[in-house]
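What follows is the residue order along each chain.
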Amino acid sequence: MRWPSGIPNLIAAVFLTALLPFLSACARPAPESKAGAAGYVGSKKCAECHDRIYSSWQGTLHAMAFQDARKDPQLIRGDFTTPNELRNFKKEDVVFVHGVQWKQRYIDKNWRIQQAQWNFESKQWGKSPTFGKVEKSDWRKECAQCHVVGFNPEALTWVEDGVGCESCHGPGGRHAAADGAKRAGTIVNPAKLPFGIAAAVCGQCHTRGKSPDGKWSHPIGFKPGDDLGPQHFTIAPKSDDKAWWPSGNMRQHRQQYPEWLESRHMKGGVSCFTCHAVHESPTKFATRLSPNNLCLNCHANVSTDAVTGHAPIAGAPQHTNCVGCHMAAVGKSADTGDERIHTFKVLKPEATIKLGGGDPAKQPNACNACHYHKDSKPADLQRALDEGKKQRARGKG
């Protein structure tokens, strides 16, 4: 059969026209992830729409984690007037400051971390981790990932100083570029993530360990919305006696996440931001309420009766210091005791007896960590707890 002249070309054209939408669909790139590929924009860009949140965030420790002292010399808080044998550098050598509440470390123009740090609560100079090895240090490799936004490990560059919006929400380029109603789903909102994935946003920095290649002390490649698993990070093992006490509780700062993973809070669905505010700092510890009020907000049925209450101690009145017992102050950021455990289990004096030979310096406990009991014998304290338990049982009987 012969087609009239021009018909075959017409059929081909119609066929190709019908097929074009399918061909273009195949050629179209895959949808971008919620975090987007458009990159970081910085917290000031977020402030254009979220001005109230941005304003309150500016008062948080996150916002002030790392600052350029050249812009404001008053950011250098340490005592550079009184001579000190630990401090072998001058105020004029400081270019950047790291920390604002527990301690402050000092970085020079070559990114070296100076050997002395200023400890705020004791108002004293202390040794930084680089003591005696300043020349080998590089703040960018050792600390930057968790104290800036958009850290690039290959180029050792970043977008913004401090822990900003995109540290927790991921890159905001697509979100900022999208039109009003189309912005939904263009950025990560931890409040809408699955429970464990949301906690990992905090866990990316509030933990110790190594990247898979062993080169970094933080999870290289992690983005909010990822699962913080071994593909990003391996938590420091309990055999690491620099990180953990013999009891398995935190010895250093930045270990809240692995302890929380072991807690009944985690099993019960209580996450980091159940207790902590993330866009403001209403308390010293950025908790939503003062510590005891925060606990009673959920544990309202806890009795404080002196005989049959939650935690009577023989020969002592009932106390209401929840965190004193359940969040023992045994960790160290600047001075020992300025970090509290996050397993929420009472670290009893018996731990000191069994694991530290009775010496709180080798294995601390919640009771000796209290100023009032700091010089008491662990055996006496444990005996008081045991007698209190019997007293409670008799009272209820």
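Please refer to the structure placed before this passage.
Since we're looking at a predicted model, the values are computed, not measured.

What counts, and at which threshold
- The residue numbers shown here count from 1 along each chain, following its written sequence.
- Only residues with pLDDT of at least 70 are given local features in this predicted model, and only at 80 or more are side-chain atom pairs given and counted; all residues enter the totals for whole chains, interfaces and linings.
- With hydrogens and water excluded, all non-hydrogen atoms of the structure serve as input to the side-chain values.
- Criterion used throughout: strands pair if DSSP finds at least two bridges between them.
- In DSSP terms, a helix is any run of H or I states spanning at least four residues, a strand is any run of E spanning at least two, and both are numbered starting from the N terminus.
- Axis angles are defined between N-to-C directions and span 0 to 180 degrees, where every axis is a line fitted to C-alpha atoms and, for a helix, only to the segment in contact.
- By convention in this document, the label disulfide applies to cysteine sulfur atom pairs within 2.5 Å.
- The buried label goes to any residue with under 20% of its type's maximum accessible area, the exposed label to any with over 50%, and the partly exposed label to all in between, with areas taken from a 1.4 Å probe on protein chains only.
- By definition, a salt bridge exists where a carboxyl oxygen of Asp or Glu is found within 4 Å of a side-chain nitrogen of Lys or Arg.

Undergrad: What should I look at first to understand the sheet that holds strand β1 (residues 66-68) in this one?
TA: The strands that make up a sheet pair up through hydrogen bonds in the backbone, lying either parallel or antiparallel. The sheet built from 5 strands is open, its strands ordered β1-β2-β3-β4-β5 with antiparallel pairing. The open sheet has two edge strands, β1 and β5 (124-127), and neither has a second partner. Each adjacent strand pair in this sheet contributes to an overall mean axis angle of 30°, direction not counted.

Undergrad: Even after reading the chapter, I still don't get the environment of A191, so can you show me in this structure?
TA: Assignment of secondary structure puts A191 in the loop between α6 (173-177) and α7 (195-203). When the C-alpha atoms of A191 and F273 are compared, they prove to be 8.8 Å apart, with 82 residues separating the residues in sequence.

Undergrad: Explain the state of the cysteines here, please?
TA: Cysteine pairs can be covalently joined through their sulfur atoms, and such a bond is termed a disulfide. Under the counting rule described, the total for this entry stands at 1 disulfide. The side chain of C146 participates in a disulfide bridge whose partner is C205; the two sulfur atoms lie 2.3 Å from each other. Taking the sign of the torsion about the S-S bond as the criterion, the disulfide between C146 and C205, at about -100°, is left-handed. Note that C146 is positioned in the loop between α4 (139-142) and β6 (148-149) and C205 in the loop between α7 and β8 (209-210), a separation of 59 residues in sequence. C205 carries the same exposure label as C146, and that label is buried.

Undergrad: Looking at this structure, I do not really get the pattern of salt bridges. What am I missing?
TA: Any two side chains of opposite charge can pair, given that their charged atoms come close. Counting across every chain of the model gives 10 salt bridges. Residue D68 is joined to R70 by a salt bridge in which the shortest nitrogen-to-oxygen separation is 3.0 Å. R70 gets classed as exposed once you look at its relative accessible area, which sits at 57%. With its nearest N and O atoms 2.7 Å apart, the salt bridge here joins E262 to K238. Taken together, the residues span a long stretch of sequence, with E262 in the loop between α8 (256-261) and α9 (264-268) and K238 in the loop between β9 (234-235) and α8 at a distance of 24 residues. Classification of K238 as partly exposed rests on a relative accessible area of 38%. The structure contains a network of salt bridges with shared partners spanning D108, R112 and E135.

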